[in-house]
Amino acid sequence: MEPIHLKNSQNEIQPTVNDDIEGQEIQEVEEIVQVYDYSKRAQWLRAAVLGANDGLLSTSALMIGVGAVRKDVKTMILTGIAGLVAGACSMAIGEFVSVYSQYDIEVAQFKRENRAKSVEKSEMDQAEKEKLPNPFQAAAASAFAFAVGALVPLLAAAFISDYHVRLGVVVAAVSVALLGFGGVGSILGRAPLVKSSLRVLFGGWLAMGITFGLTKLIGSTGL
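If you're wondering where the values come from, they're calculated on a predicted model, not measured in any experiment. (Residues numbered from 1 in each chain as written. Predicted model: local features only at pLDDT ≥ 70, side-chain atom pairs only at ≥ 80, totals over all residues. Heavy atoms only, no water.)

A. Local environment of the pattern of salt bridges. According to the stated counting rule, one finds 1 salt bridge in the structure shown. With a closest N to O distance of 3.8 Å, Arg70 and Asp72 form a salt bridge. According to the relative accessible area criterion, Asp72 is partly exposed, its value standing at 33%. (Salt bridge = Lys/Arg side-chain N within 4 Å of Asp/Glu carboxyl O. Buried < 20%, exposed > 50% of the residue type's maximum accessible area, 1.4 Å probe, protein only.)

B. Spotlight on the UniProt feature "transmembrane region" (unreviewed entry) in the protein chain. Within this structure's numbering, the places UniProt gives as "transmembrane region" (unreviewed entry) are residues 44-69, 76-94, 138-160, 167-188 and 200-219. The straight-line gap between the two end C-alpha atoms of residues 167-188 is 31 Å; of that span, 100% is helix and 0% is strand. This span, residues 200-219, is 100% helix and 0% strand, and a straight line between its end C-alpha atoms measures 28 Å. (UniProt positions renumbered as here; feature names shortened; annotations may be inferred. Helix = DSSP H or I, 4+ residues; strand = E, 2+ residues; numbered from the N terminus.)

C. Seen up close, the layout of surface pockets. The calculated volume of the second largest pocket comes to roughly 200 Å³. Taken together, 13 residues form the lining of the second largest pocket, with Leu50, Gly182, Gly185, Ser186 and Val200 sitting closest to its centre. Secondary-structure elements contributing two or more residues to the lining of the second largest pocket are α1 (17-67), α5 (163-189) and α6 (193-220). A per-element tally of the lining of the second largest pocket places α5 first, with 5 residues. Here the lining of the second largest pocket is built from residues that sort into 5 nonpolar, 6 polar and 2 charged. (1 Å grid on protein atoms, 1.4 Å probe; cavity = no way out; pocket = protein on both sides within 12 Å on 5 of 7 lines; lining within 4 Å. Points joined across faces, edges and corners; volume = space filled by probe spheres on them. Nonpolar A, V, L, I, M, F, W, Y, C, P; charged D, E, K, R; others polar.)

D. Region of interest: the nonpolar core. In this structure, Ala157, Val170, Val174 and Met208 are the most contacted members of the largest nonpolar core, which totals 21 residues. Elements with a minimum of two residues in this core: α1, α2 (73-116), α4 (135-157), α5 and α6. In terms of residue count, the dominant contributor to this core is α5 (6 residues). Leaving out residues up to four positions away in the same chain, Val174 has contacts with Leu56, Ser60, Pro153 and Met208. Core analysis: the second largest hydrophobic core is formed by 5 residues, Ala92, Ala139, Ala143 and Phe146 among them. (Core = buried A, V, L, I, M, F, W, Y, C linked by side-chain atoms within 4.5 Å. Contact = heavy atoms within 4.5 Å.)

E. Quick look at the side chain of Thr59. Take Thr59: it is sitting in helix α1. Assessed through its relative accessible area of 0%, Thr59 is described here as buried. Not counting residues up to four positions away in its chain, the partners in contact with Thr59 are Asp54, Gly80, Gly83, Leu84, Phe146, Ala150 and Pro153.

F. Inspection of a nonpolar patch on the surface at higher detail. Taken together, the side chains of Val171, Leu179, Ile187, Leu193, Val194, Leu198, Phe202 and Trp205 make up a nonpolar region of the molecular surface, amounting to roughly 730 Å² of accessible area. Looking at the nonpolar patch, the elements with two or more residues in it are α5 and α6. In terms of residues, the nonpolar patch owes the most to one element, α6, which gives 5 residues. By secondary structure assignment, the location of Leu198 is in helix α6. (Patch = residues over 30% accessible without salt bridge, like charges linked within 9 Å, V, L, I, M, F, W, Y side chains within 5 Å. Areas by Shrake-Rupley, 256 points an atom, 1.4 Å probe, with all protein chains shown as cover.)

G. Quick look at the environment of Val73. Within the element layout of this structure, Val73 appears in helix α2. Residues Val73 and Phe159, 86 residues apart in the sequence, show an inter-C-alpha distance of 8.5 Å. Filtering out sequence-adjacent residues up to four positions away, Val73 remains in contact with Ala157, Ala158, Ile160 and Arg166.

H. A look at the packing of α4 against α5. Direction vectors running N to C along α4 and α5 enclose 150 degrees, while the axes themselves pass 8 Å from each other. One element, α4, and the other, α5, form an angle in the roughly antiparallel class. Crossing geometry of α4 relative to α5 is assigned as right-handed. Here α4 contributes Val152, Pro153, Ala156 and Ala157 to the contact with α5, which in turn contributes Arg166, Val169, Val170, Ala173, Val174 and Ala177. Among the residues forming the contact of α4 with α5, the class breakdown is 9 nonpolar, no polar and 1 charged. (Axes fitted to C-alpha atoms, helices over the stretch in contact; angles between N-to-C directions. Parallel < 35°, antiparallel > 145°, perpendicular 65-115°, else oblique. Left-handed = near helix turned anticlockwise from the far one by under 90°.)

I. Here's a closer look at the confidence of the model for the protein chain. Of all residues in the protein chain, 73% have pLDDT values of 70 or greater, and the mean over the chain is 79. Across the protein chain, element-level confidence peaks in α4 with a mean pLDDT of 92 and bottoms out in strand β1 (residues 6-7) with 50. Here residues 29-38 is modelled with pLDDT under 50, and outside its nearest four sequence neighbours on either side it reaches 1 contact, counting other chains as well. (pLDDT = per-residue confidence, 0-100.)

J. Up close: the side chain of Ser60. In this structure, Ser60 sits in helix α1. Polar contacts involving the side chain of Ser60 include one to the main-chain carbonyl oxygen of Leu56, which spans 2.8 Å. Apart from the residues within four sequence positions on either side, Ser60 is in contact with Pro153, Val174 and Met208. (Polar contact = N/O pair within 3.5 Å; in protein donor to acceptor, adjacent residues only side chain to side chain.)

See below:
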């Protein structure tokens, strides 16, 4: 049935209520698609920021902690490299296992729904496969993000021989990076920018301070 249009005194065609409803429905569908795409992208970006923040903080805390008892630059750099490799591998394996478990759950759910609907369809089509999480991609992204964060304290300490200057540069570089990562995370999470950034910064300072203090204390006992 064709929609009926009305004409005013100037012979202009006026849209009916049906046209308005159809236009609203199309606009709502477009908005839903846009929100879905944004939220999916934001989740990946937020995971990448968190991974980089983990690499930044854990590696810098390791380097400063070991630097509390061993002041030479070689020991600090080797400690940072070991932390980068171990942390990236740990993040990749953990993310792979977690996402693969989610993958198995979604595939099993797909099969259960088809059996409940009495649909003989054992294989997913391309569109359905694209909706599934990719454990290999997640593992690689997590390891890469961790490594990027871990490179900040490594590069900051690599070319400075003086012990106290090196510690100061590492803390300064890590502080700037913490503020940056905290700001990006707050934007993606739609949280207050200054408050979130300062929270990440103070948390990083606390972690580095505790690691430095405890390592210094244990090292001074002669163990």
